[in-house]
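Understanding the architecture of this molecule
If you want the building blocks of each chain, they are given just below.
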Amino acid sequence: QPLVVDDSGHVDLDRNPSEAVIVESTLLQALLRGTDRPHLKSLAITNLSGYPYKFSNSQDFVEVLSSVEHLHIGLNDALIIGPCAWKLAEWMWLVTLPDSLLGPTQARLMSLTLVSHHVPTSFSLLLDFSTLFFPVLHRIKLDRIALDHHRRIEDFIVAHGRTLRTLVLDSCPMRVSF
């Protein structure tokens with residue numbers, strides 16, 4: 001069931017819980033329980049709603065992500081519906097992805113896959129990874145992430161030219177305007 005947002009873009013999980021968000025939250029929080037947290041080398045989350053959970057900026061979450069070397073994130077903005085669903089989808093692409101999910105992985109990440117499970121989204125045109133640098137990044141795969149010459153995703157790719165060995169652009173429209 002999709003996550004429903006109201007006219008102002010807020011979610012009321014008590015009145016309208018989304019099973020996808022509840023399961024997602026439960027699974028992610030399970031990684032943070034106890035003092036013996038996993039030291040994950042690979043993490044794949046393939047149908048992420050992008051809901052901004054409070055724990056996603058916690059030190060515990062950062063600690064778990066900091067050991068990840070291979071990261072596959074599939075963002076599904078189709079899980080969010082309602083009159084102002086675009087607000088939450090925009091937050092997912094522009095804040096949650098770079099700050100909460102990618103930021104903590106910078107030191108060790110060797111392989112990054114980003115997938116939009118929806119049609120190539122205009123939000124991916126707004127991606128700004130200018131504050132991120134992955135010193136050992138060898139592989140980037142983008143799937144259904146829209147590119148154009150005014151955006152910084154291309155700059156992000158070029159910035160990793162010294163370490164990058166594999167670049168895969170799968171169904172990524174490249175928009176050119178003059």
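Residues numbered from 1 in each chain as written. Predicted model: local features only at pLDDT ≥ 70, side-chain atom pairs only at ≥ 80, totals over all residues. Heavy atoms only, no water.

Bringing the sheet that holds strand E5 (residues 111-116) into the picture now. Each strand in a sheet pairs with another by means of backbone hydrogen bonds, the pair being arranged parallel or else antiparallel. One open sheet holds the 5 strands; their spatial order is E2-E3-E5-E6-E8, and the pairing between them is parallel. The outermost strands of the open sheet, each flanked by one partner alone, are strand E2 (42-48) and strand E8 (166-170). Along the sheet, successive strands turn relative to each other by an average axial angle of 5°, direction set aside. Here strand E3 (residues 70-75) pairs with E5 via 6 bridges, running parallel. The partner of Gly74 across the bridge, within E5, is Val115. (Pairing = 2+ DSSP bridges. Helix = DSSP H or I, 4+ residues; strand = E, 2+ residues; numbered from the N terminus. Axes fitted to C-alpha atoms, helices over the stretch in contact; angles between N-to-C directions.)

Within the secondary structure, Ser111 is located in strand E5. Judged by relative accessible area, Ser111 falls into the buried class, the value being 12%. Ignoring anything within four residues of it in the chain, the contact list for Ser111 reads Glu69, His70, Leu71, Leu137 and Arg139. (Buried < 20%, exposed > 50% of the residue type's maximum accessible area, 1.4 Å probe, protein only. Contact = heavy atoms within 4.5 Å.)

In this section: the pattern of salt bridges. The tally for this structure, following the rule as stated, stands at 2 salt bridges. The partner of Lys41 in a salt bridge is Glu69, and the shortest N-O contact between them spans 3.6 Å. Taken together, the positions of Lys41 in the loop between helix H1 (19-30) and E2 and Glu69 in the loop between helix H2 (59-65) and E3 put the pair 28 residues apart, joining distant regions of the chain. The class of Lys41 is partly exposed, set by a relative accessible area of 41%. Ionic pairing is found between Arg144 and Asp143, a salt bridge with its closest N-O pair at 3.3 Å. (Salt bridge = Lys/Arg side-chain N within 4 Å of Asp/Glu carboxyl O.)

Keep in mind these values describe shape, not function.
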